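Okay, here's what each chain looks like letter by letter:
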Amino acid sequence: MNAETIFGFSIGYLAVLVGIFLLYLPYLFLLLLLLIAAGILHLLLLPFALLVRKLRRTEPQPTPDSSWILAPAG
């Protein structure tokens, strides 16, 4: 094999790689858009997630002690 044949094969491989990349470019672009949309949606829903977490972590209110009803007036 001479240098021109090796150079031709190298250019052919690069052309195939570029062709495959261009063939799948719309799918890569769609995947990127979906990832960006998911990130924006996650940021928009973050305050609600924090609110739900805060509401779930509140401690139950203690029952009021009713012993004052039975205490003698005085």
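Structure's up top.
Student: I'm lost on the overall build of the protein in this one. Help?
Tutor: What the protein contains, in helices and strands, is one helix and zero strands. When the accessible surface of the protein is totalled, it reaches about 7500 Å², and 76% of it is carbon and sulfur.

Student: Which parts of the structure should I look at to understand the packing of aromatic side chains?
Tutor: For any pair of aromatic rings, geometry is given as the distance between the ring centres together with the angle between the planes. Throughout the structure, instances matching the rule amount to one aromatic pair. Ring geometry for tyrosine 24 and tyrosine 27: centres 6.2 Å apart, planes at 50°, overall tilted. In this pair, tyrosine 24 and tyrosine 27 both sit in helix 1 (residues 3-57), three residues apart, roughly one turn of the helix. Residue tyrosine 24 is classed as partly exposed on the basis of its relative accessible area, which comes to 45%.

Thresholds, definitions, all that
Residues numbered from 1 in each chain as written. Predicted model: local features only at pLDDT ≥ 70, side-chain atom pairs only at ≥ 80, totals over all residues. Heavy atoms only, no water. Helix = DSSP H or I, 4+ residues; strand = E, 2+ residues; numbered from the N terminus. Areas by Shrake-Rupley, 256 points an atom, 1.4 Å probe, with all protein chains shown as cover. Phe/Tyr/Trp six-rings, centres within 6.5 Å; stacked < 30°, edge-to-face > 60°. Buried < 20%, exposed > 50% of the residue type's maximum accessible area, 1.4 Å probe, protein only.

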